[in-house]
Amino acid sequence: MKTYDLHQAAKYLCMSASHLGELARSRRIKAAKPGKRWVFLEKDLVEYLDALYSFGVNTPQQGCDEEESSWHCTNVGTSGGLASRHQTEREYRALLAPKRRSGHKSMKTT
């Protein structure tokens, strides 16, 4: 059974290691911390990816090379389900919205 450390698993899932660590700490993805480092089983990573699909798409082929793979990283709903996808879209819109000034400042110079 293949195991991954935090950085390898994050690369496999096409997400940042810090976000994956947060998912592991909150138990939204299966992981173990036998010492000071997170360990992920490949089967659990595949199950997590499979759960993100609302149409039950099959899991990627074993031993598939990244460059030859037809899978693409979308990071849609990284915490799972459609509700989180909509939440992520709202967060992106809020971050990309132009900053509003609070009150008017005088343009006078002395």
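About the cut-offs
- Residues numbered from 1 in each chain as written.
- Predicted model: local features only at pLDDT ≥ 70, side-chain atom pairs only at ≥ 80, totals over all residues.
- Heavy atoms only, no water.
- Buried < 20%, exposed > 50% of the residue type's maximum accessible area, 1.4 Å probe, protein only.
- Helix = DSSP H or I, 4+ residues; strand = E, 2+ residues; numbered from the N terminus.
- Contact = heavy atoms within 4.5 Å.
- Core = buried A, V, L, I, M, F, W, Y, C linked by side-chain atoms within 4.5 Å.
- Salt bridge = Lys/Arg side-chain N within 4 Å of Asp/Glu carboxyl O.
- Axes fitted to C-alpha atoms, helices over the stretch in contact; angles between N-to-C directions.
- Parallel < 35°, antiparallel > 145°, perpendicular 65-115°, else oblique.
- Nonpolar A, V, L, I, M, F, W, Y, C, P; charged D, E, K, R; others polar.

Trainee: I tried to follow helix 3 (residues 42-52) on my own but got confused; where do I start?
Mentor: Turning to helix 3, its buried residues number three or more, namely Glu42, Asp44, Leu45, Val46, Tyr48 and Leu49. Where helix 3 is buried, its residues contact strand 1 (3-5), helix 1 (6-13), helix 2 (17-25) and strand 2 (39-41).

Trainee: Just checking my understanding: could you explain the nonpolar core for this structure?
Mentor: Grouped burial of nonpolar side chains is what soluble globular proteins tend to show. Among the nonpolar cores identified, the biggest contains 16 residues, and Leu13, Leu20, Ile29, Phe40 and Leu45 are the most heavily contacted of them. Once you skip the residues sitting within four places of it in the chain, Ile29 turns out to touch Leu13, Leu20, Leu23, Ala24, Phe40, Leu45 and Tyr48.

Trainee: Quick question: what am I supposed to make of the pattern of salt bridges here?
Mentor: When their charged atoms lie close together, side chains carrying opposite charge are able to pair. Following the criterion strictly, the structure yields three salt bridges and no others. Lys30 is the salt-bridge partner of Glu47, the closest N and O atoms lying 3.9 Å from each other. One end of the pair, Glu47, is in helix 3; the other, Lys30, is in the loop between helix 2 and strand 2, with 17 residues separating them in the sequence. Under the relative-accessibility criterion, Lys30 is labelled exposed at 52%. For Lys43, the salt bridge goes to Asp44, with nearest N and O atoms at 3.4 Å. The exposure class assigned to Lys43 is partly exposed, which follows from its relative accessible area of 42%. Note on Asp44: relative accessible area 10%, which makes it buried.

Trainee: Where do I start with the packing of helix 1 against helix 2 in this structure?
Mentor: Between two packed helices, both the angle of their axes relative to each other and the distance between the axes serve to describe the pair. Viewed as axis vectors pointing N to C, helix 1 and helix 2 meet at an angle of 100°, and their least axial separation amounts to 9 Å. Classified by the interaxial angle, the pair formed by helix 1 and helix 2 is roughly perpendicular. Contacts between helix 1 and helix 2 involve Leu6, His7, Ala9, Ala10 and Leu13 on the former and, on the latter, Ala17, Leu20 and Gly21. Counted by class, the contact of helix 1 with helix 2 contains six nonpolar, two polar and no charged residues.

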